[in-house]
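Examining the three-dimensional arrangement
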Amino acid sequence: MSDSDEKELEELMASLPIDLDKADLLGDITFEAQLLIRSRFLGSITVRYEDFKRIHEYSDGKEVLLTAELEGKRFVVYMSNGVIVSVAMSDLEKGERIAGLKPLENLIKISREKPIQFKLFEVVPGEEEKKPPTTEAAVEEAVVEEEREGVELEKKLEEFRNRVRKIIEDTAPAYGCQVVETRVNVAEDKVYVEVLVRKKGLFSRCKSGELKDLLESDLKLVAAMHDLYIPVSVEIKST
C-alpha cells in the first residue's frame, strides 16, 4: 500500500467506534461459541471498502455477528449497539487465532481489492437482562447458568456427531467404501472428522477422494443446521 493509502486506512480505523477495552474478547473460542448458540441467521450482506465507514450501523440497538471466509482465513466481527466490540481472524490451515485491531485492519485492506460477502447473525438476548451478582446466591445462579450453556453446546455437538456418523455410514458404500471407524472432534475453532475406511468388496475400489469431497460439502451444511458455524475438516484414511 502507498503512504497515502496507509494514512487513509489509519484515518478510517480511527473514525470507527471500537471498544478497545474488549477488542480481544473473540480471542476466546468459547466466547464465540456462546454467542453463536444464541444467534439466528439473518442473511448475507456485501460490504465494500466505503461501507466500512458505516459497518457498525448493522448493530444499532442489537448485538450482531458477521462471519466470512477469505484467503484461507475465517473472520468474525462482533458488534453491539453501534460499537465494534471485537474482531477475530483464524487461519484454517494452521489453527492459529488472533483477535483485536489487526483482523479488522486486514478486512478493510481486503475490501479495497474486492467486496466482502458476510453472513449476518443477530445475537438474541435472554428473556431478561441479569444484574451483576452481588450476593452469594446470585453468584451461584450465574455459575449454574454458565454450566447450562456449556451443557447445551455439548448437546449440540453430540447431536452433530451422531448425524455425521450416520451420513458417513449411509454414503460410503456408494463409493465402494466400508467404514471401519469415524472420529468427530472439535478443537480450537474447527470440527475435525477422521474416517477410517477399507474396500467394500474384494474387487471393488474405494473412491476415498470423491467421498471426501462430498462429505466436506455436506457436513458444512449439517454443521450449520446444528447452529455450529465453524469450518469442517474431513480426512479419510484407508486400511
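Let me sum up the structure you'll find in this document. Since the structure is predicted, the reported quantities are computational estimates derived from the model, not experimental observations.

One can find Glu158 in helix H4 (residues 136–171). Exposure remark for Glu158: the relative accessible area of 35% places this residue in the partly exposed category. When the C-alpha positions of Glu158 and Val184 are compared, they lie 9.4 Å apart, and in sequence the two are 26 residues distant.

Moving on, we get to the nonpolar core. Within the largest apolar cluster, 26 residues are counted, with the highest numbers of intra-cluster contacts made by Phe52, Leu66, Leu104, Leu107, Ile108, Ile116 and Phe118. Every element with two or more residues in this core is listed here: helix H1 (3–15), strand S1 (39–47), strand S2 (63–70), strand S3 (73–80), strand S4 (83–91), helix H3 (101–113) and strand S6 (116–123). Apart from residues lying up to four places away in sequence, Phe52 is in contact with Leu12, Leu16, Val47, Leu104, Leu107, Ile108, Ser111, Ile116 and Phe118. If you look at the next biggest cluster of nonpolar residues, it comprises 23 residues, including Val164, Cys177, Val191 and Leu215.

Attention now goes to the pairing of S3. By the criterion of burial, S3 is predominantly enclosed, with seven of the eight residues buried. Following S2, the chain reverses through two residues before pairing antiparallel with S3; Glu71 in that reversal takes a positive phi of roughly 50°. Both S3 and S4 contribute to a ladder of eight bridges, which runs antiparallel. Bridge pairing in S4 links Arg74 to Ser90. Counted between consecutive antiparallel strands, the loop separating S3 from S4 contains two residues, among which Asn81 sits at a positive phi close to 50°.

Okay, the sheet that holds S1 next. An order of S1-S6-S2-S3-S4-S5 is seen for the six strands of this open sheet, with the pairing classed as antiparallel. Every interior strand has two partners, whereas the edge strands, S1 and strand S5 (97–99), have only one. Within this sheet the neighbouring strands show an average axis-to-axis angle of 20°, counted without direction. The strands touched by helix H2 (residues 29–37) within the sheet are S1, S2, S3, S5 and S6, with S3 carrying the most contacts at an inclination of about 65°. Here H3 sits on the sheet in contact with S2, S3, S4, S5 and S6, set at roughly 80° to S4.

What counts and what doesn't
- Residues numbered from 1 in each chain as written.
- Predicted model: local features only at pLDDT ≥ 70, side-chain atom pairs only at ≥ 80, totals over all residues.
- Heavy atoms only, no water.
- Helix = DSSP H or I, 4+ residues; strand = E, 2+ residues; numbered from the N terminus.
- Buried < 20%, exposed > 50% of the residue type's maximum accessible area, 1.4 Å probe, protein only.
- Core = buried A, V, L, I, M, F, W, Y, C linked by side-chain atoms within 4.5 Å.
- Contact = heavy atoms within 4.5 Å.
- Pairing = 2+ DSSP bridges.
- Axes fitted to C-alpha atoms, helices over the stretch in contact; angles between N-to-C directions.

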